[in-house]
Amino acid sequence: MSNLKQIAGIFCLLLSGTVLLPSLLAAKPVEDRAHKRVLIIGMDGTRPDALLKARTPAFDRLIREGAFTDQAQILGKRYQKNDTISGPGWSSILTGVWADKHGVHDNNFKGKNYELFPHFFKRLKRERPDTQTASLVSWEPIHKYILSEADIAEVESLPRAKNQIADLSVSASKLNINTRDGKWHHLLAVRKQDVLQLYLDGTQIASLSGVNLDFTLGGAFYYLGRDTRTGQTCFLGQLDDVRIWKRALSAEEITLLAKSTAGSVHSVDRKGLLAEYMFENSPESDGKVKQFSDTAGDTGGPFPANAVSPTSELHRVKLGSGAESQALDLVAAGSKSPGLRIAMTEPFRDVTRSDFTIEARFKTTDQGRNILMGNYDGKAGALNLELHQGNTVRVYVQPPDPRNAGALKREGERDKIIAAKAARILSEENPSAMFVYFHQTDATGHAIGFSPEVPEYVSAIENVDACVNTVLKAMHSRPNYENEDWLTIVCTDHGGLKRSHSNGHQVPEIRRVFMIVHGPSVKPGRIQEQAYLVDVTATVLAHLLGEVDPQWQLDGKAVGVKAEN
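Residues numbered from 1 in each chain as written. Predicted model: local features only at pLDDT ≥ 70, side-chain atom pairs only at ≥ 80, totals over all residues. Heavy atoms only, no water.

Draft legend 1. Expanded view of helix H6 (residues 120-127). Taken together, the buried positions of H6 are Phe-120, Phe-121, Arg-123 and Leu-124. One side of H6 holds all its buried residues, which, seen down the axis, span an arc of 165°. (Buried < 20%, exposed > 50% of the residue type's maximum accessible area, 1.4 Å probe, protein only. Helix = DSSP H or I, 4+ residues; strand = E, 2+ residues; numbered from the N terminus. Arc of directions from axis to C-beta.)

Draft legend 2. Spatial organisation of the packing of aromatic side chains. With the rule as written, the count across this model stands at 11 aromatic pairs. Ring geometry for Trp-90 and Tyr-437: centres 5.6 Å apart, planes at 70°, overall edge-to-face. Highlighted residues: Trp-90 in helix H4 (residues 86-95) and Tyr-437 in strand S21 (residues 433-438), separated in sequence by 347 residues. Three or more aromatic residues joined by ring pairs form one cluster here, namely Trp-90, Phe-435 and Tyr-437. (Phe/Tyr/Trp six-rings, centres within 6.5 Å; stacked < 30°, edge-to-face > 60°.)

Draft legend 3. A look at empty space enclosed by the protein. Scanning all chains against the criterion turns up one cavity of 30 Å³ or more. Looking at the largest cavity, its volume works out to about 40 Å³. In terms of lining residues, the largest cavity is bounded by Ile-74, Leu-75, Asn-82, Asp-83, Thr-84, Ile-85, Pro-88, Gly-89, Asp-493 and Leu-533. A class-by-class count of the residues in the lining of the largest cavity yields five nonpolar, three polar and two charged. (1 Å grid on protein atoms, 1.4 Å probe; cavity = no way out; pocket = protein on both sides within 12 Å on 5 of 7 lines; lining within 4 Å. Points joined across faces, edges and corners; volume = space filled by probe spheres on them. Nonpolar A, V, L, I, M, F, W, Y, C, P; charged D, E, K, R; others polar.)

Draft legend 4. A look at the pairing of strand S6 (residues 185-192). Among the eight residues in S6, seven count as buried, and that is most of the element. Where S6 meets strand S17 (residues 356-363), seven bridges bridge the pair, whose relative direction is antiparallel. The residue bridging Val-190 from the neighbouring strand is Thr-357, located in S17. Relative to strand S7 (residues 195-200), S6 runs antiparallel, the two being bridged by six bridges. Across the sheet, the residue bridging to Lys-192 is Val-195, located in S7. Between S6 and S7, which pair antiparallel one after the other, the connecting turn spans two residues, and Gln-193 there sits at a positive phi close to 60°. (Pairing = 2+ DSSP bridges.)

Draft legend 5. Quick look at the pairing of strand S9 (residues 221-224). In the sheet, S9 pairs with strand S16 (residues 340-343) via four bridges, with the strands oriented antiparallel. Paired with Tyr-223 across the two strands is Arg-341, which belongs to S16. Of the pairings in the sheet, the one linking S9 to strand S18 (residues 370-374) comprises two bridges and is antiparallel in character. Bridge pairing in S18 links Tyr-223 to Gly-374.

Draft legend 6. Summary view of the packing of H6 against helix H14 (residues 535-545). With their axes 10 Å apart at the nearest point, H6 and H14 run at an angle of 15° to one another. Between H6 and H14, the interaxial angle falls into the category roughly parallel. Viewed along their axes, H6 and H14 form a crossing whose handedness is right-handed. Counting all contacts with H6, which are made through Phe-120, Arg-123, Leu-124 and Glu-127, the residues of H14 involved are Thr-537, Val-540, Leu-541, Leu-544 and Leu-545. Tallied by class, the residues present in the contact of H6 with H14 amount to six nonpolar, one polar and two charged. (Axes fitted to C-alpha atoms, helices over the stretch in contact; angles between N-to-C directions. Parallel < 35°, antiparallel > 145°, perpendicular 65-115°, else oblique. Left-handed = near helix turned anticlockwise from the far one by under 90°. Contact = heavy atoms within 4.5 Å.)

Draft legend 7. Region of the structure containing the sheet that holds strand S19 (residues 382-388). The eight strands are arranged S5-S20-S19-S18-S9-S16-S13-S12 in an open sheet whose pairing can be described as antiparallel. One side of each edge strand has no neighbouring strand; the edge strands of this open sheet are strand S5 (166-171) and strand S12 (291-292). The sheet contact formed by S12 and strand S13 (residues 305-307) spans two bridges and is antiparallel. Note that in S13 the partner of Gln-291 across the bridge is Asn-306.

Draft legend 8. Molecular detail of the nonpolar core. Ranked by internal contacts, the top residues of the largest apolar core, which has 52 residues, are Phe-120, Ile-142 and Phe-435. By residue number, the principal contributor to this core is H14, which donates six residues. Apart from the residues within four sequence positions on either side, Phe-120 is in contact with Ile-40, Leu-94, Ala-433, Thr-537, Val-540, Leu-541 and Leu-544. (Core = buried A, V, L, I, M, F, W, Y, C linked by side-chain atoms within 4.5 Å.)

Draft legend 9. Here's a closer look at the sheet that holds strand S1 (residues 36-43). In space, the eight strands of this open sheet follow the order S4-S3-S21-S1-S22-S23-S2-S24, with mixed pairing throughout. Each edge of the open sheet is held by one strand with a lone partner, namely strand S4 (152-155) and strand S24 (525-526). Bridging between strand S3 (residues 133-137) and S4 involves four bridges; their strand directions are parallel. Paired with Ser-135 across the two strands is Ala-153, which belongs to S4. Of the strands in this sheet, S1, S21 and strand S22 (485-491) touch H4, which is tilted by about 160° from S21.

Draft legend 10. Structural context of unusual backbone geometry. If you check the backbone angles, Asp-201 has positive phi at about 50° while not being a glycine. By the secondary structure assignment, Asp-201 is in the loop between S7 and strand S8 (203-208). Overall, the relative accessible area of 29% leaves Asp-201 in the partly exposed class. The backbone of Asn-391 sits at a positive phi, close to 65°, despite the residue not being glycine.

So this is what it looks like as structure tokens:
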């Protein structure tokens, strides 16, 4: 009987030990990880083969001393439905999950789900509230949608210069207007001196200063209901009262024009009216092509608008019951290339050399991109008035040289400004996590080409390397640097081919990217396992917090770092 009691006593001791073990572990003090810090350097649109070709002493040292792969992928095996562009790319990098979770599939950021799958700054702050986070970027959507809640959050705009692209766009929802509701709306863009403004239904909705334009429009034609491109960008709806002015209309005149009903007579001074299209009854130049008369009257010569499509595919509709006025109906065009074209004569070519106004009245229910008027072809000087996707209205002005070496030079200057600001923060502040973004590589790729064979693209990478060196020097100069464990990760959101990277799901030059992981906690050498964009956040959180909570449902894993005991 005593043997049974002894056995029972031993069993109870073992049982009590197993019961007490969790509480003992819970009572164990949490490791102090204040010395753990992270610097993420983001290089937009950088191909790994171009990186390895460039002369980059800073990157070379990080690769030599750290962990590296040039075989990382921007899409995972589980989900690949998002576009291969920056919005979903940086969202995957900074949240650690794929687009089916973070919700960003393109650069509109519609459907974003950052509340459930936040940027790693938020996860860090929840676990270590005393930490300081910093974000320095030049691509505004990263600042606006993802990183705005950083303790230090700045977006650096590109300094404006003469003949720089002016892209002014804004959601019509700002004015509680649905531009696709099947009702008539009035869109107008006006340039007065160095200010470009966009008006919707008579109310200013957006403005851009520093617009210094002095170039002529290019191409043989200016188009209504489209630009030089065909297909999905063509306007699908009813178009009326299209006007081009060689002066800046006043706010009072714009309001009066917007309040006028489609096709109605108005009392705005017609001085400076270069061309006007009302789409009323007019003679046809021949049996196949309809010609619409310019009614401006003071241009010194007519600017007839000729139908691109045959007469049988172009229609006009009456406005209202029994109304005499008409509008051009491009919904029923039934052609792959609907719309009208106007010969690009000298008065048209010079419209961007001084103040101007362009306007159109439109009516549509189509939710896609619709170009009301323009001549964009990617190369020549262009002026477009558009309905973009997502209820966005837009005016786009491009100088004749899309490569725009001056703009690319300013991209480099802006990256230097960002590097200097990052260096100052590292010297004067105490960040635990920092994201620094550089854009010159992506801008150069879009303007000239994403390729190691493009000297300007390689040079842009070398310029970013110099910026990164500025940041790293500041990090190493921190007073307590020797007692800090900095993890530095250099990454990119996508590659590129020719001058694009959209729809690159099956394009290795777009899908394949690089990743550098550097610091005392890193296992040096080539990263053997397959790496993905989502691994960045998983690696960062493992370093900063010691472990990743499974409830966060991250899709990534820690790569390039030593296993902790």
